[in-house]
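Coordinates in review
Each chain, letter by letter, is given below.
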Protein chains: 2
Amino acid sequence: MEVSWQPGMKMDVNAPMCPSRGVLEHVTSRWGVLILIALRERSYRFSELRRHVGGVSEKMLAQTLQTLERDGFVLRDAQPVIPPRVDYSLTELGEEAAAQVEALGRWTERRTEQVLKNRERYDEARP
Amino acid sequence: MEVSWQPGMKMDVNAPMCPSRGVLEHVTSRWGVLILIALRERSYRFSELRRHVGGVSEKMLAQTLQTLERDGFVLRDAQPVIPPRVDYSLTELGEEAAAQVEALGRWTERRTEQVLKNRERYDEARP
């Protein structure tokens, strides 16, 4: 029987009920990854971030930012000005996550040509 | 206008058409992450891997392994024996990806209690 996670239990990403799995899914989510990488550079306003992270919809950006804010990775700073101005930046915890995610992103950029070659080779061997 | 990626262009995970984005999605996919971490330890047979990575369906495991094999991260070794025996292990490129993904997974396990506290605080402030 599946036992649900209780405070004090060891965290294990391989256990289906472990809450660490959900946290890992947030930091590795499609837009979560790109937002964390962007915010490592500097703080961003919503519309700037949307331009920077190519292809993200307004809805998905808002949703992902809120998830990351609730987890304590992202700080949302709403300035009481007109028009409203909201800045997003990383917390200390978010910076820890973002550093690792950025390393993975940069590694991926360096290795993508190799991966494309691997795919070609794979497809050629299985016509 | 969106320009599709051409060989020789700089890889950029923020560009919607850049193939690096797809590669990043493979190494950070829900099951991809857990499979890479598992295979860092040792090679696994399909059924063993399915038991190890809690909650993965047969279909999703097969599909994710094939994606990782095609990208050149995972090696599939089918032994000509009866009953058939198939072992999965990491390639050198896969080991590079897996090392980073594992660091992120372990970091997540260490920080999940903190994230759970952050979520409580967030929810309390927004009743």
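Structure report, in brief. These numbers come from a predicted model, not from an experiment.

Attention shifts here to the sheet that holds strand β2 (residues 74–79) of chain A. All names here are of chain A. Read across the sheet, 3 strands follow the order β1-β3-β2 without closing on themselves; strand pairing throughout is antiparallel. A single partner strand is all that each edge strand has here, and the edge strands are β1 (44–45) and β2. Strand direction decides the pairing type here: β2 and strand β3 (residues 85–90), joined by 6 bridges, are antiparallel. When the sheet's bridge partners are listed, Ala78 is paired in β3 with Val86. Lying on the sheet, helix α2 (residues 30–41) is in contact with β1, β2 and β3; it crosses β3 at an angle near 95°.

What follows deals with the interface of chain A and chain B. The interface is formed by 55 residues belonging to chain A together with 54 residues belonging to chain B. Carbon and sulfur atoms supply 60% of the area that chain A and chain B bury against each other, a total of about 4,900 Å² over both sides. Linking chain A with chain B are 10 salt bridges, by the criterion used here. Put simply, A:Arg111 and B:Glu96 hold a salt bridge, and the shortest N to O gap is 2.9 Å. Applying the counting rule to chain A against chain B returns 26 residue pairs in polar contact (both at pLDDT 80 or more). Mapped by element, the contributors of at least two residues to the side of chain A that touches chain B are α1 (19–27), α2, α4 (58–71) and α5 (92–125) of chain A. The biggest single contributor to the side of chain A that touches chain B is α5(A), with 22 residues. In terms of residue class, the side of chain A that touches chain B is made up of 23 nonpolar, 17 polar and 15 charged.

Criteria and cut-off values
Sequence order sets the numbering: in each chain, residues are counted from 1 along the sequence as written. The naming scheme follows written order: chains are lettered A onward, ligands numbered 1 onward. A pLDDT threshold of at least 70 governs which residues receive local features in this predicted model, and a stricter bar of 80 or more applies before side-chain atom pairs are shown or counted, although totals over entire chains, interfaces and linings include all residues. Only hydrogens and water are set aside when side-chain values are computed; all heavy atoms of the structure are taken into account. Two strands are said to pair when DSSP picks up at least two bridges between them. Note on conventions: DSSP H or I runs of at least 4 residues are helices, E runs of at least 2 residues are strands, and numbering of each starts at the N terminus. Any pair of residues with heavy atoms lying within 4.5 Å of one another is described as a contacting pair. Axes, fitted as lines to C-alpha atoms, cover a helix only where it is in contact. Angles between the N-to-C directions of the axes lie from 0 to 180 degrees. Computed with a 1.4 Å rolling probe, the buried area is the accessible surface lost when two parts are put together, summed over both parts. Each salt bridge in this description consists of a side-chain nitrogen of Lys or Arg and a carboxyl oxygen of Asp or Glu lying within 4 Å of one another. Any pair of N or O atoms that falls within 3.5 Å is considered a polar contact. Within protein, one atom must be able to donate a hydrogen and the other to accept it, and sequence-neighbouring residues count only if both atoms are side-chain atoms. Residue polarity is assigned by list, with Asp, Glu, Lys and Arg as charged and Ala, Val, Leu, Ile, Met, Phe, Trp, Tyr, Cys and Pro as nonpolar; anything else, Gly included, falls into the polar class.

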